[in-house]
Amino acid sequence: MAATPVSDHLLDALVASLTRRTATSQVVDDADAGRATARWMADAGVARAVLPRDPVIARIDLGAALRREGIEVIDWPTSLGRREVLGLEGPEAVCGVTVPALAVAERGTLVLEASPGHGRGLDVTSRHHVAILPAERIVETLAEALARTFATGGPVPSAVSLVSGPSRSSDIEKISTLGAHGAVSEHVVIVR
Amino acid sequence: MSTRRQRSAGGVAYPDIKGTLHERTVQALGDQTLRTNLETAASSWAAGQEVMRRDHGMDEMRARAREIRRRNIRDLPALLGEMQANVRKAGGQVVRAADGAEACRYITGLAQARGVTVVAKSKSMATEEIRLNEALEASGIEVVETDLGEWILQLAHQRPSHIIAPAVHLNRGQVAEIFRREAGTDDVPDDREGLVAHARVRLRETFAQAGMGISGVNIGVASTGTVCIVENEGNARLVTSQPRIHVAVMGMERVVADWDDAAHILQILPMAAISQDAANYVNLITGPRREGESDGPEEFHLVIVDGGRGALRGTEFEEVLSCIRCGACLYSCPMWRSVGGQAYGSPYSGPIGAIITPLLEGPSSPASRDLPFMSSLCGACGDACPVGIPLPDLLVRARARASSPATRKSAVAFRAWSLLLRRGLTYRVGVVGWRLFVRVRGTDGWVTRLPGGGAGWTRVRDMPARWPPRR
Ligand code: SF4
């Protein structure tokens, strides 16, 4: 992926879009990212976090930071059974962590790609969703994000999820209610 | 396994629907709760459309969306071939089904061969159209709808009233009642948050058990063989990631050429459908899980359904194939807003349903012949459609197609009418005569019953005996 220089314009636009989608976000420095993320999870009452196998997670040493806050750490891929992954067994306050391949500033959309280190469903099986986003991965438009993900000529990922805010349903009286099937809350830690 | 096109024998309209279209309409009009619920939904959608137009340039996006979809339909055979090849290249299987019965046979056979006992489904109009649930259940397979609205309807044994918001005709109290009955306990909360949480837990049990997930497809992208599934709740992702097998059912017209096309359609779809510039989740799936991946289905099957669609290419109705099933024309339609989708007796209601149901059924079907008349031709649907389908024109053409010798009488009447109106003298005499007639006929300023051919008109409305009418 070609690195885009971090632009304040894109960063501000993304933060505004995420707010509009009822997601929360914070912008942190690389050195502070692990600690800040762990603090956010502790405040949200998270008991267990499932982490993808990703260089960004390793770089900010998120596992160690979480353990210091007393949060249980499970590494993906996990030996947990399907019932436990779905939260039917084990602690309820589980947080799925993702590292988006890209984020779309104008719509607050995260682009999650499946791969051996990243599950397809961590952000929907868990109660909470925290995304660790390197700031240089922010692009302006959806068209740009899709072109980068798919128009490569090479093999495309088996599954790409565009996630724009926490799960919701408007099926009852057309009023948006959070936490239908997926995460009740979405928090994006933007690392620069 | 590609098959030559045949005329669908199954049909689209529900076979077990009760009463005539007219009876169902009258009944729906008398249901005050229904009308309130529909009106609430439609006006919140309409307010959102204003925002989409003002802040997100929706009107400017329509022309390009129309151009894309018309081109896709023109190139359809080639795009389907490309789609098919690319899905296979990604390790998936593709089946072309001439009609619903063939699609159902394939999916049921697959489920049986793999020993599947529970199927988790996400929302799909194509599966509703081919009546897949009934086919699976007839083979002893349990099917659970996991979209909240669809699940509510499944529990209540009702049909969807809107293609995007299927349970929009029910209010919170009615939903709580349905959940209590299913759970066999009064211990179900009354508030929306509580109801959503209740469904979440119940349906997770389904995801833990299901051996097969079945989804629809909003669009297929030919250049990579990717299916796009748009949703807000997250259930479609669970359906496509938890069970061992994923079956995606796609109407054959839903394919676009490449990611340029897809990006535009994926943006305008949620704008028109839910008045948002993005849906919460868009799942872009290319084949089954790959080597080394630890979740996602091991098998991916794409079932492409013709069901009478292919025969519409090259006809005066070709443009209906551009439809992206956003539901905007439903909300915009004063007729739909008054009676809801269930009265139509078809999974597809509103203006688009009134046109395509009889087309997919074949011209002689008594179940859907009258549907094109479910419109006042006000034109609102044409303005609402994000892909610029000329719905009012097509409604008129669908009426002409439905008109049989039985309606010759009205042709004569209209001829006489036009003669009367074309000359100044006969027009004025007619107007004076009519005024006198209604004034004599009316009571308290209103005519409640007209004789002869006018009787149908006054059955559900009154006519003012003078202008302006007195309230
Ligand atoms: S006809 Fe147009 S407005 Fe109606 S559902 Fe299809 S795309 Fe939407």
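Residues numbered from 1 in each chain as written. Chains lettered and ligands numbered in written order. Predicted model: local features only at pLDDT ≥ 70, side-chain atom pairs only at ≥ 80, totals over all residues. Heavy atoms only, no water.

With that settled, the discussion passes to the overall build of chain B. In terms of helices and strands, chain B carries 20 helices and 12 strands. A compact globule built from 471 residues would reach a C-alpha radius of gyration of about 23 Å, and chain B, at 24 Å, matches this within 12%. C-alpha extents for chain B along the principal axes are approximately 85 × 55 × 45 Å. Across the 471 residues that make up chain B, the buried fraction comes to 56%. Surface accessibility of chain B: about 20,000 Å² in total, with carbon and sulfur atoms responsible for 52%. (Helix = DSSP H or I, 4+ residues; strand = E, 2+ residues; numbered from the N terminus. Rg over C-alpha atoms; globule rule 2.2 N^0.38 Å. Buried < 20%, exposed > 50% of the residue type's maximum accessible area, 1.4 Å probe, protein only. Areas by Shrake-Rupley, 256 points an atom, 1.4 Å probe, with all protein chains shown as cover.)

With that settled, the discussion passes to the overall build of chain A. Along the backbone of chain A there are seven helices and 12 strands. Whereas a compact globule of 192 residues would reach a radius of gyration of roughly 16 Å, chain A reaches 16 Å, a difference of no more than 12%. On the principal axes, the C-alpha backbone points of chain A span a range of 45 × 40 × 35 Å. Within chain A, the proportion of its 192 residues that are buried is 56%. By sequence separation, contacts in chain A at least 24 residues apart represent 77% of the contacts at least 6 residues apart. For chain A, the computed accessible surface area is about 7,000 Å², with 52% contributed by carbon and sulfur atoms. A gap of 3 Å separates the mean positions of the 19 positive and 23 negative side-chain charges of chain A. (Contact = heavy atoms within 4.5 Å. Lys, Arg positive; Asp, Glu negative; His and termini not counted. Charge placed at Lys NZ, Arg CZ, Asp CG, Glu CD.)

Domain assignment breaks chain B into domain 1 (20–141 + 212–305) and domain 2 (423–464). For domain 1 of chain B and domain 2 of chain B, the distance between their C-alpha centres works out to 49 Å. (Domains from an automatic or database assignment.)

Let us look at the sheet that holds strand β9 (residues 159–163) of chain A. One open sheet accounts for eight strands, arranged β8(A)-β5(A)-β6(A)-β9(A)-β9(B)-β6(B)-β5(B)-β8(B); its pairing is mixed. Edge positions in the open sheet fall to β8 (138–139) of chain A together with β8 (255–256) of chain B, since each of these has one partner strand only. In this structure, strand β6 (residues 226–231) of chain B lies alongside strand β9 (residues 281–285) of chain B, joined through five bridges in antiparallel fashion. Bridged to Cys228(B) within β9(B) is Leu284(B). (Pairing = 2+ DSSP bridges.)

A few words on helix α4 (residues 76–89) of chain B. Taking 1.5 Å per residue, 14 residues should reach 20 Å; α4(B) reaches 20 Å between its end C-alpha atoms and fits that length. Here α4(B) has its buried residues at Leu76(B), Leu79(B), Leu80(B), Met83(B), Gln84(B), Asn86(B) and Val87(B). (Expected span 1.5 Å × (residues − 1).)

Here we come to the interface of chain A and chain B. Facing the 53 residues of chain A at the interface are 68 residues of chain B. Across the chain A to chain B interface the summed buried area is about 4,900 Å²; carbon plus sulfur atoms make up 51%. Remark: the boundary between chain A and chain B carries four salt bridges. Close ionic contact of Arg20(A) with Asp277(B) constitutes a salt bridge, the shortest N to O distance being 3.2 Å. Here chain A and chain B share 30 residue pairs in polar contact (both at pLDDT 80 or more) between them. Counting residues per element, the ones that place at least two in the side of chain A that touches chain B are α5 (82–85), α6 (122–125), α7 (142–150), β9, β10 (168–169) and β11 (177–178) of chain A. Per-element accounting of the side of chain A that touches chain B gives the leading share, five residues, to β9(A). Here the side of chain A that touches chain B is built from residues that sort into 24 nonpolar, 16 polar and 13 charged. In terms of strand pairing, β9(A) meets β9(B) through five bridges, oriented antiparallel. Counted as the bridge partner of Ser161(A) is Asn283(B) from β9(B). (Buried area = accessible area lost by both parts, 1.4 Å probe. Salt bridge = Lys/Arg side-chain N within 4 Å of Asp/Glu carboxyl O. Polar contact = N/O pair within 3.5 Å; in protein donor to acceptor, adjacent residues only side chain to side chain. Nonpolar A, V, L, I, M, F, W, Y, C, P; charged D, E, K, R; others polar.)

What follows deals with empty space enclosed by the protein. All names here are of chain B. The final tally for this structure, using the stated rule, is six cavities of 30 Å³ or more. Lining of the largest cavity is provided by 13 residues; of these, Cys-323, Cys-326, Cys-329, Cys-385 and Pro-386 occupy positions nearest its centre. The residue makeup of the lining of the largest cavity, split by class, is 11 nonpolar, one polar and one charged. (1 Å grid on protein atoms, 1.4 Å probe; cavity = no way out; pocket = protein on both sides within 12 Å on 5 of 7 lines; lining within 4 Å. Points joined across faces, edges and corners; volume = space filled by probe spheres on them.)

This paragraph deals with the pairing of strand β6 (residues 109–113) of chain A. All names here are of chain A. β6 sits mainly inside the fold: four of its five residues count as buried. Relative to β6, strand β5 (residues 102–104) is paired through three bridges, and the arrangement is antiparallel. Bridging across to β6, Ala-103 finds its partner in Leu-110. Between the end of β5 and the start of β6, which pair antiparallel, lie four residues, with Gly-108 showing a positive phi angle near 70°.

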